[in-house]
Amino acid sequence: MLGQHQAMNCLESFSLGPQLDQCCGGVATLYYESYPTTQVTWLKTVLQRWQQGLMTTLSAYPHRWPHNGRGRTVLTVTPSQAAIELIEQTPGEFYLVECLGPPQFKLVLFGAGHVAQALVQILRLLACHIIWVDSRAALFPELASEQEASIDCRVTPPAAFAATQVPAHSFCLIMTHEHSLDLEICAHLLARSDLAYVGLIGSATKAARFRRRLSEQGLSAEQVANLVCPIGVSGIQAKQPAAIAIGVAAQLLQLHAAGRAALGEHAYAS
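Here we summarise the structure given alongside this text.

The biggest cluster of nonpolar side chains holds 27 residues, and the ones touching the most others in it are Phe110, Leu189, Leu214 and Leu227. Of all elements in the fold, only β7 (105-110), β8 (128-134), α3 (158-164), β10 (171-174), α4 (179-190), β11 (197-200) and α5 (204-216) reach the threshold of two or more residues within this core. With 7 residues, the top contributor of residues to this core is α4. Setting aside residues no more than four positions away along its own chain, Phe110 makes contact with Val133, Pro158, Phe161, Ala162, Val166, Leu173, Ile174, Met175, Thr176, Ile185 and Leu189. Membership of the second largest hydrophobic core comes to 25 residues, among which are Ala116, Ile231, Ala245 and Leu252.

If you want it as structure tokens, here you go:
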């Protein structure tokens, strides 16, 4: 395959027996792909959409078992929930489907208090990457090994992080232990135009006070209007941290789904 100057792929099955120095038995199936550099134009699209937080589905020609040696093409594919999946749509014909993209959304969470703790417990069950920022290391819980890839705890001054280190297209939530710190973080984030969401925990009275102070600091009316406060879906009156966290998580999911629908999920192939 590597010696060919065209896109090639194939499926090959191996019996896990003595000829492979295996004693476990069974069968392993490997999928091979080879692409000349001139035939991977789809990679640019994948990278662009990744940066926008969107998923891209890549698919291959149907394979007549064990292989037919053809490259990728445009197909109408049944959406896959798995990152990579071999689908048999008709007897003996197989599609390799790959879903490439970042986690569903990036959340930068400022503060590690009770509501933040409850919110992380909810979002960790979803495909969400959380950057969790607080200067108080003792507040961060010990993470299980499987959580470390999706929850990135940063022991650093939150305002300094907000000023220089928040990734583009992030959802941002501000719920620190000091109103003055909340205000400073808000000012840094609202000055940008490339964030998906800036939310501040608090009441309508706090929101009005913050908007007035942010305007006094020189932010435009349009920038100040981007502040979401109070946060969470409407209709939840309970004040327990878990209840607030459920409402906020629901709002984030709604907004992220709306953004993805507006930009459009994409199925692409070379």
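Further remarks concern the pattern of salt bridges. Taken as a whole and assessed by the stated rule, the structure comprises 4 salt bridges. In this structure, Asp182 engages Lys206 in a salt bridge whose closest nitrogen and oxygen atoms are separated by 3.1 Å. Of the two residues, Asp182 sits in helix α4 while Lys206 sits in helix α5, which places them 24 residues apart along the sequence. Look at Asp182 and you get buried, because its relative accessible area is 0%. For Lys206, a relative accessible area of 6% corresponds to the buried category. A salt bridge links Arg192 to Asp194; its shortest N-O distance comes to 2.9 Å.

What counts as what
- Residues numbered from 1 in each chain as written.
- Predicted model: local features only at pLDDT ≥ 70, side-chain atom pairs only at ≥ 80, totals over all residues.
- Heavy atoms only, no water.
- Core = buried A, V, L, I, M, F, W, Y, C linked by side-chain atoms within 4.5 Å.
- Buried < 20%, exposed > 50% of the residue type's maximum accessible area, 1.4 Å probe, protein only.
- Helix = DSSP H or I, 4+ residues; strand = E, 2+ residues; numbered from the N terminus.
- Contact = heavy atoms within 4.5 Å.
- Salt bridge = Lys/Arg side-chain N within 4 Å of Asp/Glu carboxyl O.

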